[in-house]
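Here is what each chain is made of, one letter per residue.
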Amino acid sequence: PPPPPPFQAEDGIRDSVNGLVGSEMCIRDRYFFRVPVALFFTLLLPIVMLVLFNALFGDNTVTIEGGEWPIRQFYTGGLAAYTAVSATYSNIGNMVPIRRDEGILKRWRSTPLPTWIYIAGIIGSSVLIAFAGTTLLIAMGYVFYELSIEWAKMPAAFVTMLVGVSTFAALGMALVSLIKSASSSAAVVNATILPLAFISDVFVATDPDSTLAKIANLFPLKPFVNAFQDCFNPFVDAPAFAPDKLAFVAAWGIVGGVIAIKRFSWEPSGAAPRRGRKARQAAVDATA
């Protein structure tokens, strides 16, 4: 039979590629939910922290420009943004080096499937988990902690979250390209994100004029958290877009993407031993 018209062939290729990426994302999602430690620290721990912080400090307020903001609402936005960072940056930074040391990335690369589809599956899965975790935290804040939701601000919230998860996914891949072995991945991930979280309005509200706040403003976490919190802040007028903060966060993402493209390795490090199931579980447990 005669070949189909060019546009039909292109549509078929596009559908096939989308299907392959979607399949890879589903595989990564299933793997994530089968690792209890990753599931707990990515999705369940922020919920526990939200409930615990509000039980301890929920009656307090945070002084911001415009008035007093209930701290239970402040925590909801901050922990929701942190959940997205954990699902992308921390998840990628911890899990990809394990697969690389086990030789799984090397075997993936030897298959006929284009390598970028594997990477797209990993990143796409992390982004989906980030959106799911963020939505869950926001829903809890709305139902239990009187979080203010104005639909006119939701486009800004979606764009802010999209920029944030894209940036931290790129930074996670950049970190993977710099980490030599999975044995050090958990330490490096935690050392680079947890200290920033404490000075980036996630767990505590920092004085914007303090030295710690000025240091935090040099990194992408605080601008991302603040931009996302503004979307639920009753003292910020709709549409609540923060283009300066988003541009700064996106710039970090571009730098991370360039580093990942130039330095990412599919091969295990020569110093990294082949890892069995017990060693893999020990590395995953180290994320605690």
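Residues numbered from 1 in each chain as written. Predicted model: local features only at pLDDT ≥ 70, side-chain atom pairs only at ≥ 80, totals over all residues. Heavy atoms only, no water.

## Describing the overall build of the protein chain
- If you tally the helices and strands in the protein chain, you get eleven helices and two strands.
- Secondary structure of the protein chain in N-to-C order comes out as α-α-β-β-α-α-α-α-α-α-α-α-α.
- Looking at the protein chain as a whole, 48% of its 288 residues qualify as buried.
- Put simply, 82% of the contacts in the protein chain that link residues at least 6 apart link residues at least 24 apart. (Helix = DSSP H or I, 4+ residues; strand = E, 2+ residues; numbered from the N terminus. Buried < 20%, exposed > 50% of the residue type's maximum accessible area, 1.4 Å probe, protein only. Contact = heavy atoms within 4.5 Å.)

## So, the environment of Leu 137
- Note that Leu 137 resides in helix α5 (residues 115–144).
- Sequence spacing of Leu 137 and Leu 43 is 94 residues, and the spatial spacing of their C-alpha atoms is 9.1 Å.
- Beyond its immediate chain neighbours, meaning those up to four positions away, Leu 137 contacts Pro 46, Ile 47, Leu 50, Thr 76, Leu 79, Ala 80 and Thr 83.

## Structural notes on the packing of helix α9 (residues 221–230) against helix α10 (residues 243–263)
- At a minimum axis separation of 9 Å, α9 and α10 run at an interaxial angle of 145°. As for the relative orientation of α9 and α10, their crossing is left-handed in sense. Contacts between α9 and α10 involve Pro 223, Phe 224, Asn 226, Ala 227 and Asp 230 from the first element and Lys 245, Leu 246, Phe 248 and Val 249 from the second.
- The residue makeup of the contact of α9 with α10, split by class, is six nonpolar, one polar and two charged. (Axes fitted to C-alpha atoms, helices over the stretch in contact; angles between N-to-C directions. Left-handed = near helix turned anticlockwise from the far one by under 90°. Nonpolar A, V, L, I, M, F, W, Y, C, P; charged D, E, K, R; others polar.)

## Description of the pairing of strand β1 (residues 61–64)
- Bridge count for β1 against strand β2 (residues 67–70) is four bridges, and the pairing is antiparallel. Paired with Ile 64 across the two strands is Gly 67, which belongs to β2.
- The turn linking β1 back onto β2 is made up of two residues, and Gly 66 within it adopts a positive phi angle of 115°. (Pairing = 2+ DSSP bridges.)

## A word on the packing of helix α3 (residues 71–101) against α5
- Direction vectors running N to C along α3 and α5 enclose 155°, while the axes themselves pass 8 Å from each other. Our classification of the angle between α3 and α5 gives roughly antiparallel. With respect to the hand of their crossing, α3 and α5 are arranged in right-handed fashion. Two secondary-structure elements touch here, α3 through Thr 76, Leu 79, Ala 80, Thr 83, Ala 84, Ala 87, Thr 88, Asn 91, Ile 92 and Val 96 and α5 through Ile 122, Ile 123, Ser 126, Val 127, Ile 129, Ala 130, Gly 133, Thr 134, Leu 137, Ile 138 and Gly 141. (Parallel < 35°, antiparallel > 145°, perpendicular 65-115°, else oblique.)

## Focus on unusual backbone geometry
- Looking along the chain, the bond that leaves Ala 238 and enters Pro 239 is cis, with omega of 10°.
- Relative to the assigned elements, Pro 239 resides in the loop between α9 and α10.
- For Asp 201, which is not a glycine, the phi torsion comes out positive at approximately 65°.
- Within the fold, Asp 201 resides in the loop between α7 (185–198) and α8 (211–216).
- The phi angle at Ala 240 is positive, at roughly 70°, despite the residue not being glycine.
- In this fold, Ala 240 is placed in the loop between α9 and α10.

## So, α9
- Buried residues dominate α9, accounting for ten of its ten residues.
- Buried within α9 are the following residues: Leu 221, Lys 222, Pro 223, Phe 224, Val 225, Asn 226, Ala 227, Phe 228, Gln 229 and Asp 230.

## Overview of helix α2 (residues 36–57)
- Compared with the 32 Å implied by 1.5 Å per residue over 22 residues, the 29 Å span of α2 between its first and last C-alpha is a close match.
- Of all the bends in α2, the greatest reaches close to 45° and is centred on Leu 44; the proline Pro 46 follows between one and four positions later.
- For α2, the full list of buried residues reads Val 37, Ala 38, Thr 42, Leu 43, Pro 46, Ile 47, Met 49, Leu 50, Phe 53 and Asn 54. (Expected span 1.5 Å × (residues − 1). Bend = angle between axes of the 7 residues up to and from the residue.)

## Here's the deal with the pattern of salt bridges
- For the structure shown, the criterion picks out six salt bridges.
- The partner of Glu 267 in a salt bridge is Lys 106, with the nearest N and O atoms 3.7 Å apart. Of this pair, Glu 267 sits in the loop between α10 and α11 (277–285) while Lys 106 sits in helix α4 (residues 104–109), and the two are 161 residues apart along the sequence.
- Using a relative accessible area of 37% as the deciding quantity, one classes Glu 267 as partly exposed. (Salt bridge = Lys/Arg side-chain N within 4 Å of Asp/Glu carboxyl O.)

## Observations regarding the confidence of the model for the protein chain
- Residues at a pLDDT of 70 or more form 87% of the protein chain, whose mean pLDDT is 85.
- Scored below 50 in pLDDT, residues 7–13 makes zero contacts in the model with residues more than four places away or belonging to other chains. (pLDDT = per-residue confidence, 0-100.)

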